[in-house]
Amino acid sequence: MRRRLPALALAFGIVLAVLAAGPALASSYRYWSFWDGAGGKWAYATVGPSMARPADGSVQGLRFSVSRDAAAESARPRAAADFTAVCGATPAAEGRKRVALVIDFGLPADAAAGEAPPQPEPRTACAQVAPEATTAEALASVAKPLRYNSAALLCAISGYPKQGCGEPLPDAPEAEDSPAAAPPKSDDGGGPSAGLLAGIAAVAALSTAAIWQSRRRPAR
């Protein structure tokens with residue numbers, strides 16, 4: 001029986017890990033995700049628009065949608081990350097930088113009840129701003145009004161949506177083409193959930209305790 005204790009503890013710990021991780025994986029969120037464009041492709045941004053300071057010639061994308069995964073491929077802006085296509089007709093100016101912005105309002109299925117995307121296709125704009133300007137400042141120059149919450153999370157672009165900001169939607173089904181980024185809880189680009197880490201810790205603690213107990217008792 002004592003020999004079975006470590007295995008039983010391990011199995012019990014794994015169950016705890018799954019149960020602890022479950023609620024974190026079950027929730028979806030509705031919010032604006034933020035993307036960096038390079039070489040015609042999108043990569044999930046590791047900092048928010050208010051922290052990012054893009055260089056001249058950069059492409060930045062934002063998309064509104066619903067998802068459980070903070071960097072879902074299908075949550076990327078639906079227009080290409082093409083600086084020339086957006087800013088090619090805007091001449092460079094001394095003391096200013098050009099930032100190509102792609103603003104994707106998402107699909108009707110992503111909208112909250114009573115709201116709808118202001119346009120079906122992504123909007124593009126070439127922001128010409130000061131060299132030290134952030135993406136948020138570039139965005140404000142071409143897509144007001146913006147709305148933020150008390151945690152500085154971007155809630156609305158051009159007034160859309162009118163309400164809400166990254167709220168969890170545990171029972172909401174994801175749109176087929178639109179699982180978008182869940183609001184990141186830090187600037188590290190994502191990582192294991194707190195529930196999963198707690199479950200892993202439980203596995204280690206239970207296994208260690210069981211092995212210690214089995215060794216301290218004399219064998220019969």
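About the thresholds
Residues numbered from 1 in each chain as written. Predicted model: local features only at pLDDT ≥ 70, side-chain atom pairs only at ≥ 80, totals over all residues. Heavy atoms only, no water. Disulfide = S-S within 2.5 Å. Helix = DSSP H or I, 4+ residues; strand = E, 2+ residues; numbered from the N terminus. Pairing = 2+ DSSP bridges. Axes fitted to C-alpha atoms, helices over the stretch in contact; angles between N-to-C directions. Contact = heavy atoms within 4.5 Å. Salt bridge = Lys/Arg side-chain N within 4 Å of Asp/Glu carboxyl O. Buried < 20%, exposed > 50% of the residue type's maximum accessible area, 1.4 Å probe, protein only. Phe/Tyr/Trp six-rings, centres within 6.5 Å; stacked < 30°, edge-to-face > 60°. Core = buried A, V, L, I, M, F, W, Y, C linked by side-chain atoms within 4.5 Å.

> Looking at this structure, I do not really get the state of the cysteines. What am I missing?
What is meant by a disulfide is a covalent connection between two cysteines, made through their sulfur atoms. For the coordinates displayed, the defined rule picks out two disulfides. With its sulfur 2.1 Å from that of its partner, cysteine 87 forms a disulfide with cysteine 126. Here the disulfide of cysteine 87 and cysteine 126 is right-handed, its torsion about the S-S bond being about 115°. In this pair, cysteine 87 sits in helix α2 (residues 83-87) while cysteine 126 sits in strand β5 (residues 123-129), placing the two residues 39 residues apart along the sequence.

> Help me understand the sheet that holds strand β1 (residues 29-38), please; the structure alone is not making it clear to me.
Backbone-to-backbone hydrogen bonds join strands into a sheet, with any given pair of strands oriented parallel or antiparallel. Pairing within the open sheet is mixed, and its five strands lie in the order β2-β1-β3-β4-β5. Taken across any chain shown, the strands that pair with only one partner, and hence form the sheet edges, are β2 (41-44) and β5. In this sheet, neighbouring strand axes are inclined to one another by 30° on average, regardless of whether the strands run parallel or antiparallel. Here four bridges tie β1 to β2, and the two strands are oriented antiparallel to one another. Paired with glycine 37 across the bridge in β2 is tryptophan 42. Here helix α3 (residues 135-142) sits on the sheet and contacts β1, β3 (58-67), β4 (97-104) and β5; the angle it forms with β5, its principal contact strand, is near 115°.

> Whenever I open this one, the pattern of salt bridges confuses me. Can you help?
Two side chains of opposite charge can pair, provided their charged atoms sit close to one another. If you walk through the whole model with that rule in mind, you get four salt bridges. Arginine 78 serves as the salt-bridge partner of aspartate 104, at 2.8 Å between the closest nitrogen and oxygen. A residue pair is termed long-range when its members are at least 10 positions apart, and aspartate 104 in strand β4 and arginine 78 in the loop between β3 and α2 qualify at 26 residues. When its relative accessible area of 0% is taken as the criterion, aspartate 104 is described as buried. Looking at arginine 78, the relative accessible area reads 33%, which means it is partly exposed.

> Which parts of the structure should I look at to understand the side chain of threonine 135?
With respect to the helices, strands and loops of the structure, threonine 135 is situated in helix α3. Ignoring any residue separated from it by four or fewer positions in sequence, one finds threonine 135 in contact with Phe34, Pro49, Ala52, Pro54, Gln60 and Leu101.

> Would you explain the packing of aromatic side chains in this entry?
The geometry of an aromatic ring pair is captured by two quantities: the separation of the ring centres and the angle between the planes. Applying the stated rule across the entire model yields five aromatic pairs. Summarising the aromatic geometry, the rings of tryptophan 35 and tyrosine 44 are spaced 5.2 Å apart at their centres and angled 80° between planes, so their arrangement reads as edge-to-face. On the basis of relative accessible area, tryptophan 35 is assigned to the buried category, the value being 0%. Taken together, a centroid distance of 6.0 Å and an interplanar angle of 70° make the contact between phenylalanine 105 and tyrosine 160 edge-to-face. One end of the pair, phenylalanine 105, is in the loop between β4 and β5; the other, tyrosine 160, is in the loop between β7 (154-156) and α4 (194-216), and 55 residues separate them in sequence.

> Can you help me understand the nonpolar core in this one?
Within soluble globular proteins, side chains that are nonpolar tend to cluster in buried spots. Core analysis: the largest hydrophobic core is formed by 20 residues, its most contacted members being Trp32, Leu62, Ile103, Leu139 and Ile157. Where this core is concerned, the elements lending two or more residues are β1, β3, β4, β5 and α3. Ranked by the residues each element gives to this core, the list is headed by β4, at three residues. If you look at the next biggest cluster of nonpolar residues, it comprises 14 residues, including Tyr31, Tyr44, Ala72 and Ala75.

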